[in-house]
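# Close look at the chain arrangement
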Amino acid sequence: MTMDKTKKYLATGRIVLLAIMLALLKYWDYVVNPWTRDGQVSAYIVQIAPRVSGPIVELPVVNNQFVEAGDVLFRIDPRTFKVAVEQAQAELANTGNDYTALSEQIVAAEASVEAAKFSVQQAAAAIKESESTLVKDRAEFQRQKEMLPRKATSQKAYQQAEANYRVSVQQRATAVAGLAQAKANLHKAEANLAEARANRGAAGEENPQVRAAVAELEQAELDLEFTTVRAPVDGYVTNLNLRDGSQMVANQPALALVDVNSYWITGYFRENYIADIRPGDRAVVTLMTYPDEPVTGRVTSVGWGIAQDDGSTGFQLLPNVAPTFEWIRLAQRIPVLVELDEIPDDVALRVGTTCSVLVETGTTGEQAQGSPTGAPRALE
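Below you will find a few notes about this structure. Quantities reported herein were computed from a predicted structural model and do not represent experimental measurements.

### A closer look at the packing of helix H2 (residues 79-147) against helix H3 (residues 155-200)
Between H2 and H3, whose axes approach to 7 Å, the crossing angle comes to 165°. On the basis of the axis angle, H2 is roughly antiparallel to H3. Judged by the twist between their axes, the crossing of H2 over H3 is left-handed. Taken together, the residues of the contact of H2 with H3 sort by class into 26 nonpolar, 14 polar and 13 charged.

### Comments concerning the pairing of strand S1 (residues 35-42)
Inspection of the sheet shows S1 paired to strand S14 (residues 354-360) by four bridges, in the antiparallel sense. Residue Trp-35 lies in a different strand from S14, and its bridge partner there is Leu-358. Two elements, S1 and strand S10 (residues 264-270), share four bridges in a ladder whose sense is antiparallel. Looking at S10, one finds that Ser-42 is bridged to Trp-264.

### So, the side chain of Ser-262
Take Ser-262: it is sitting in the loop between strand S9 (255-259) and S10. Only 2.9 Å separates the side chain of Ser-262 from the backbone oxygen of Asp-259, close enough to count as a polar contact. If sequence neighbours within four positions are ignored, Ser-262 has contacts with Ser-42, Ala-43 and Tyr-44.

### Describing helix H4 (residues 208-226)
Over its 19 residues, H4 extends 26 Å from the first C-alpha to the last, a length consistent with the 27 Å expected when each residue adds 1.5 Å. For H4, the complete set of buried residues consists of Val-210, Ala-213, Leu-217, Ala-220 and Phe-226. Turning to H4, the residues buried within the fold contact H2 and strand S6 (228-230). Here H4 starts with a cap whose side-chain oxygen sits 3.1 Å from the backbone nitrogen of Gln-209, and that cap is Asn-207.

### Focus: unusual backbone geometry
With a phi angle near 65°, Asn-64 is a residue other than glycine that sits in the positive phi range. Not every positive phi belongs to a glycine, and Asn-239 is a case in point at roughly 55°. Relative to the assigned elements, Asn-239 resides in the loop between strand S7 (235-238) and strand S8 (247-248).

### Focus on the nonpolar core
Core analysis: the largest hydrophobic core is formed by 24 residues, its most contacted members being Ile-265, Ile-277, Val-285, Leu-287 and Val-357. The set of elements that each furnish at least two residues to this core consists of S10, strand S11 (282-287), strand S12 (295-302), strand S13 (333-340) and S14. If one sorts the elements of this core by residue count, S13 sits on top with four residues. In contact with Leu-287, not counting residues within four places along its chain, are Val-41, Val-347, Leu-349, Thr-354 and Cys-355.

### Digging into the sheet that holds S12
Taken together, six strands build a closed barrel; the order of strands is S1-S10-S13-S12-S11-S14 and the barrel is antiparallel. Across the sheet, the axes of successive neighbouring strands diverge by a mean angle of 40°, strand direction being ignored. Here S12 runs beside S13; their pairing, made up of five bridges, is antiparallel. Bridge pairing links Val-299 to Val-338 in S13.

### A look at the packing of aromatic side chains
What the rule picks out here adds up to two aromatic pairs. With a centroid separation of 4.9 Å and 55° between ring planes, the pair formed by Tyr-44 and Trp-264 is classed as tilted. Within this pair, whereas Tyr-44 is found in the loop between S1 and strand S2 (45-48), its partner Trp-264 is found in strand S10, the two being separated by 220 residues in sequence. With relative accessibility at 53%, the residue Tyr-44 sits in the exposed group. Sitting over the ring of Phe-226, Arg-51 keeps its end group 4.3 Å from the ring centre.

### Examining the environment of Val-135
Along the polypeptide, Val-135 turns up in helix H2. Sequence separation of Val-135 and Ser-168 is 33 residues, and the distance between their C-alpha atoms is 8.6 Å.

### Some words on the sheet that holds S9
With antiparallel pairing, four strands are arranged side by side in an open sheet as S2-S9-S7-S4. In the strand order of this sheet, the two ends are held by S2 and strand S4 (66-67), each with one partner. Looking at chain direction, S4 and S7 are connected through two bridges and run antiparallel. Note on S7: the bridge partner recorded for Phe-66 is Tyr-236.

### Quick notes on the packing of H2 against H4
It is at 8 Å that the axes of H2 and H4 come closest, and there the two elements cross at 165°. Taken together, the axes of H2 and H4 lie roughly antiparallel to each other. For the pair H2 and H4, the sense of crossing is left-handed. Where H2 abuts H4, its residues Phe-81, Lys-82, Ala-84, Val-85, Ala-88, Gln-89, Glu-91, Leu-92, Thr-95 and Tyr-99 lie against Gln-209, Val-210, Ala-213, Val-214, Glu-216, Leu-217, Ala-220, Glu-221, Asp-223 and Leu-224.

### Focus on the pairing of S9
Of all five residues in S9, four are buried; the element is thus mostly enclosed. Of the strand pairs in this sheet, S7 and S9 are connected by four bridges, and their pairing is antiparallel. In the sheet register, Val-237 faces S9, and the bridge partner there is Leu-257.

Criteria and thresholds
Residues numbered from 1 in each chain as written. Predicted model: local features only at pLDDT ≥ 70, side-chain atom pairs only at ≥ 80, totals over all residues. Heavy atoms only, no water. Axes fitted to C-alpha atoms, helices over the stretch in contact; angles between N-to-C directions. Helix = DSSP H or I, 4+ residues; strand = E, 2+ residues; numbered from the N terminus. Parallel < 35°, antiparallel > 145°, perpendicular 65-115°, else oblique. Left-handed = near helix turned anticlockwise from the far one by under 90°. Nonpolar A, V, L, I, M, F, W, Y, C, P; charged D, E, K, R; others polar. Pairing = 2+ DSSP bridges. Polar contact = N/O pair within 3.5 Å; in protein donor to acceptor, adjacent residues only side chain to side chain. Contact = heavy atoms within 4.5 Å. Expected span 1.5 Å × (residues − 1). Buried < 20%, exposed > 50% of the residue type's maximum accessible area, 1.4 Å probe, protein only. Core = buried A, V, L, I, M, F, W, Y, C linked by side-chain atoms within 4.5 Å. Phe/Tyr/Trp six-rings, centres within 6.5 Å; stacked < 30°, edge-to-face > 60°. Lys NZ or Arg CZ within 6 Å of the ring centre and 35° of its normal.

In structure tokens form, the structure reads like this:
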């Protein structure tokens, strides 16, 4: 009997010793792999701000409701903005009419310029014709003047030649004056054409008045479209304090939307733990809400700095310096960001909730094997 009891005790001792060794090995893993209880669920919070001001007339969502990208969050009274669209349309039509009228003025001014140019050509031709007649009449007058003393012509013929000469001189002077007037009319017509073109501006779609009217209409249509505020991402409406009739102010945040596709974990590790942490290392996250369902992820980055209280400006512009005890050295906390892998269907992440994070160092590029195991409850 004594030998049997001894064997039983030895067997039991071996089992107990093996269990202790396995436990020590497991705890050694937790000592080697850095972990922290100071973890937090994070996500991007989209602040929904209306682009226009006005009272809410439709609010189809409730607090903490899930919405998909494109779903209507609320609608602002659109009546004022519909009137603005109609006014912009009318202004665009008026601008188009003005543009057409100014274009017709340009066509008329161009016709006037062409007519003035033709008048200048006619006046120049009239001068040439009058000069030709003047030369002929001058020669005839000179001939009659030379013949009269010799009684080779009559007094009447002489007087007629003189009269013709004087008429030719007057006709040439009139033609010269006509050319000067025609050139003046041409300059005036060209000035009127330049003024008409300046009043209208560029042609077609490049016309500044037309572009301004089109832009006003587009802005009015955008403002009308902005009266319907839609969700930009999939997420949860959080802390909704709006009601029908609530006055919205342009560019002022009205509600918050938690982006469900942007969750990550921020683990704050003591500075003496982060030396071996590398981006890509496997991480095991144990949510306080779901302690029995650890979630895996990968380290994406390790923070490069944190704010320091000592040295900041305080009262009377003097630096703030906190008292310290030389025998106590408090390790600073460095943020380590973890991107989660697939999240179980029964795990609902909530921004700001706490968790424990364990990083398996040296696992960059390795595939995860086996079920994830977080830090033991005793450590958490």
